[in-house]
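Below are the chains, spelled out letter by letter.
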Amino acid sequence: MAYKSGMNFIGKEINYNLFDSLGNKLKKDIYTPYFKEHCNTCGSKIICNGCSNCGKCGK
């Protein structure tokens, strides 16, 4: 509810410089979060790393 009413907002994107154990730079898009249909109405979606199918939402 807070996101839809404008009380929460998406801040600036964080840029990570990730490297593997050999010192090679990793791709930026190595992880893409997965969201279910129910997640579109969640107020915490903007700070969420995606759905882990934990079942707490009941969906």
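Just so we're clear, the structure is a prediction, and the values are computed from it rather than from any experiment.

*Asks:* Sorry, what's going on with the overall build of the chain here?
*Replies:* For the chain, the count of helices and strands is 1 helix and 0 strands. Going through the 59 residues of the chain one by one, you find that 3% of them count as buried. When the accessible area of the chain is evaluated, it comes to approximately 5,700 Å², of which 56% is carbon and sulfur surface.

*Asks:* What's the story with a nonpolar patch on the surface in this structure? I'm lost.
*Replies:* A surface patch of nonpolar side chains, about 300 Å² in accessible area, is lined by Tyr-16, Leu-18 and Leu-26. As for its placement among the helices and strands, Tyr-16 is situated in the segment after helix H1 (2–5).

Procedures and definitions
- Residues numbered from 1 in each chain as written.
- Predicted model: local features only at pLDDT ≥ 70, side-chain atom pairs only at ≥ 80, totals over all residues.
- Heavy atoms only, no water.
- Helix = DSSP H or I, 4+ residues; strand = E, 2+ residues; numbered from the N terminus.
- Buried < 20%, exposed > 50% of the residue type's maximum accessible area, 1.4 Å probe, protein only.
- Areas by Shrake-Rupley, 256 points an atom, 1.4 Å probe, with all protein chains shown as cover.
- Patch = residues over 30% accessible without salt bridge, like charges linked within 9 Å, V, L, I, M, F, W, Y side chains within 5 Å.
- Salt bridge = Lys/Arg side-chain N within 4 Å of Asp/Glu carboxyl O.

Any functional reading would require information beyond the geometric quantities listed.
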